[in-house]
Amino acid sequence: MEYLTALRVLRLNIAGAPIEWLNWQEATTLYSRELVAWTHGAPLVEVFGGTNRLSGERSSAALHPIIACRGELHGDNQQIPALNNKALFSRDHHLCLYCGKQFDSQQLTRDHVIPTSKGGTDSWTNLVTACRRCNQRKSDRTPEACNMPLLAVPYRPNRAEYLALVNSQRIRGDQMSFLSSYFSRNWRNTARIN
């Protein structure tokens, strides 16, 4: 059962664009509703349902790592992904983009490159990962004003990159291979400046 709890299925729209991660129950529901149009990869596990009282057959579904579902073509790759610390820290490799040192999540903060008091926004392109010491030192100033140049340019991940960021610990090789075909040139390179 522990394997099923950790299992994540990558859901695509009918055109093959990445949409979201599903747990095994959500994926099974799509199979049972006959919404899965096509799959990719060898089956991960077979789940069993009840027995049909008329036919005596037991229902089952072989869950694949990647499934494309019928329906609307939602999941626009240009849609701005949700901004949260986990994804932000993962985008920046858990590095402080001022001092370049790597830290645990508990030791990191988000820093507004252009402070909100100076018109900066709470957006992917204005936020970077910073250690507490550097964030306090920078304070309410721009990197130029306090002579703390950024080590990388912040960027907004696309949908596929975001899905890789939020599930980086549990992503399978075949899922990463599929997602990586949608990655931009900024992916995991964080556009190093130095």
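No experiment lies behind these values; they were computed from the predicted model shown.

Engineer: Would you explain the packing of aromatic side chains in this entry?
Structural biologist: For any pair of aromatic rings, geometry is given as the distance between the ring centres together with the angle between the planes. Per the counting criterion, the structure on display carries two aromatic pairs. A ring pair is formed by Trp-124 and Tyr-162, whose centres lie 6.4 Å apart and whose planes are at 85°; its orientation type is edge-to-face. With Trp-124 in the loop between strand S7 (108-112) and strand S8 (127-131) and Tyr-162 in helix H5 (residues 159-166), the pair connects residues that are 38 residues apart, well separated along the chain. The same class applies to Trp-124 as to Tyr-162, namely buried. Note on Phe-178 and Tyr-182: the rings are 6.0 Å apart at their centroids and 40° apart in plane angle, and the pair reads as tilted. Overall, Phe-178 belongs to the buried group, its relative accessible area being 17%. On the basis of relative accessible area, Tyr-182 is assigned to the partly exposed category, the value being 27%. One cation-aromatic arrangement involves Arg-91 over Tyr-155; the distance from NZ or CZ to the ring centre is 5.6 Å.

Engineer: How should the confidence of the model for the chain be read in this particular structure?
Structural biologist: Do not read the fine detail of predicted coordinates wherever pLDDT is low. Across the chain, the average pLDDT comes to 89, with 91% of residues at or above 70. Across the chain, element-level confidence peaks in S8 with a mean pLDDT of 98 and bottoms out in helix H1 (residues 2-6) with 76. A low-confidence stretch, residues 190-194 stays under pLDDT 50, and its non-local contacts, those more than four residues away or across chains, total 17 contacts.

Engineer: What am I meant to see in helix H2 (residues 24-32) here?
Structural biologist: Because the α-helix completes a turn every 3.6 residues, residues three or four places apart line up on one side. Residues Trp-24, Ala-27, Thr-28, Leu-30 and Tyr-31 constitute the buried set of H2. Summarising the axial view, the buried residues of H2 lie within an arc of 160°, below the 170-degree limit, and thus occupy one face. Among the residues of H2, the N-terminal cap falls to Asn-23, whose side-chain oxygen and the backbone nitrogen of Gln-25 are separated by 3.0 Å. One or two positions beyond H2, positive phi appears at Glu-34, with a value near 55°.

Engineer: Looking at this structure, I do not really get the sheet that holds strand S6 (residues 66-69). What am I missing?
Structural biologist: The pairing of strands in a sheet happens through backbone hydrogen bonds and is either parallel or antiparallel. Taken together, the four strands give an open sheet; going across it, the order is S2-S1-S6-S3, and neighbouring strands pair in mixed fashion. Strand pairing shows two members of the sheet lacking a second neighbour, strand S2 (18-22) and strand S3 (36-40), which therefore form its edges. Taking the axes of each pair of neighbouring strands and ignoring which way they run, one obtains an average angle of 25° across the sheet. With four bridges connecting them, S3 and S6 associate as antiparallel partners.

Engineer: Is there a simple way to explain the state of the cysteines in this structure?
Structural biologist: The bond known as a disulfide is covalent and runs between the sulfur atoms of two cysteines. What the rule picks out here adds up to zero disulfides. Of all cysteine sulfurs, the one in Cys-96 lies closest to Cys-99, which takes part in no disulfide; the gap is 3.7 Å.

Engineer: What is the right way to look at the pattern of salt bridges in this model?
Structural biologist: Pairing between side chains of opposite charge can happen when the charged atoms of each approach one another. Across all of its chains, the model carries five salt bridges by this definition. Across the salt bridge formed by Arg-91 and Asp-92, the nearest N and O atoms sit 2.8 Å from each other. Take Arg-91: its relative accessible area is 0%, and that puts it in the buried class. A salt bridge links Lys-138 to Asp-111, with the shortest nitrogen-to-oxygen separation between them at 3.2 Å.

Engineer: Help me understand the pairing of strand S4 (residues 45-51) in this model?
Structural biologist: Every regular strand shows the same layout, with side chains that alternate between the two sheet faces. Sheet topology places S4 next to strand S5 (residues 58-63); five bridges connect them, and they run antiparallel. In the sheet register, Glu-46 faces S5, and the bridge partner there is Ala-62. Where S4 folds back onto S5 in an antiparallel hairpin, the turn is made up of six residues, including Gly-56, whose phi is positive at roughly 80°.

Engineer: Help me understand the pairing of S7, please; the structure alone is not making it clear to me.
Structural biologist: Burial runs high along S7: four of the five residues are buried. Taken together, the five bridges between S7 and S8 define a ladder with antiparallel strand orientation. Bridge pairing in S8 links Leu-108 to Cys-131.

Conventions used here
- Residues numbered from 1 in each chain as written.
- Predicted model: local features only at pLDDT ≥ 70, side-chain atom pairs only at ≥ 80, totals over all residues.
- Heavy atoms only, no water.
- Phe/Tyr/Trp six-rings, centres within 6.5 Å; stacked < 30°, edge-to-face > 60°.
- Helix = DSSP H or I, 4+ residues; strand = E, 2+ residues; numbered from the N terminus.
- Buried < 20%, exposed > 50% of the residue type's maximum accessible area, 1.4 Å probe, protein only.
- Lys NZ or Arg CZ within 6 Å of the ring centre and 35° of its normal.
- pLDDT = per-residue confidence, 0-100.
- Contact = heavy atoms within 4.5 Å.
- Arc of directions from axis to C-beta.
- Polar contact = N/O pair within 3.5 Å; in protein donor to acceptor, adjacent residues only side chain to side chain.
- Pairing = 2+ DSSP bridges.
- Axes fitted to C-alpha atoms, helices over the stretch in contact; angles between N-to-C directions.
- Disulfide = S-S within 2.5 Å.
- Salt bridge = Lys/Arg side-chain N within 4 Å of Asp/Glu carboxyl O.

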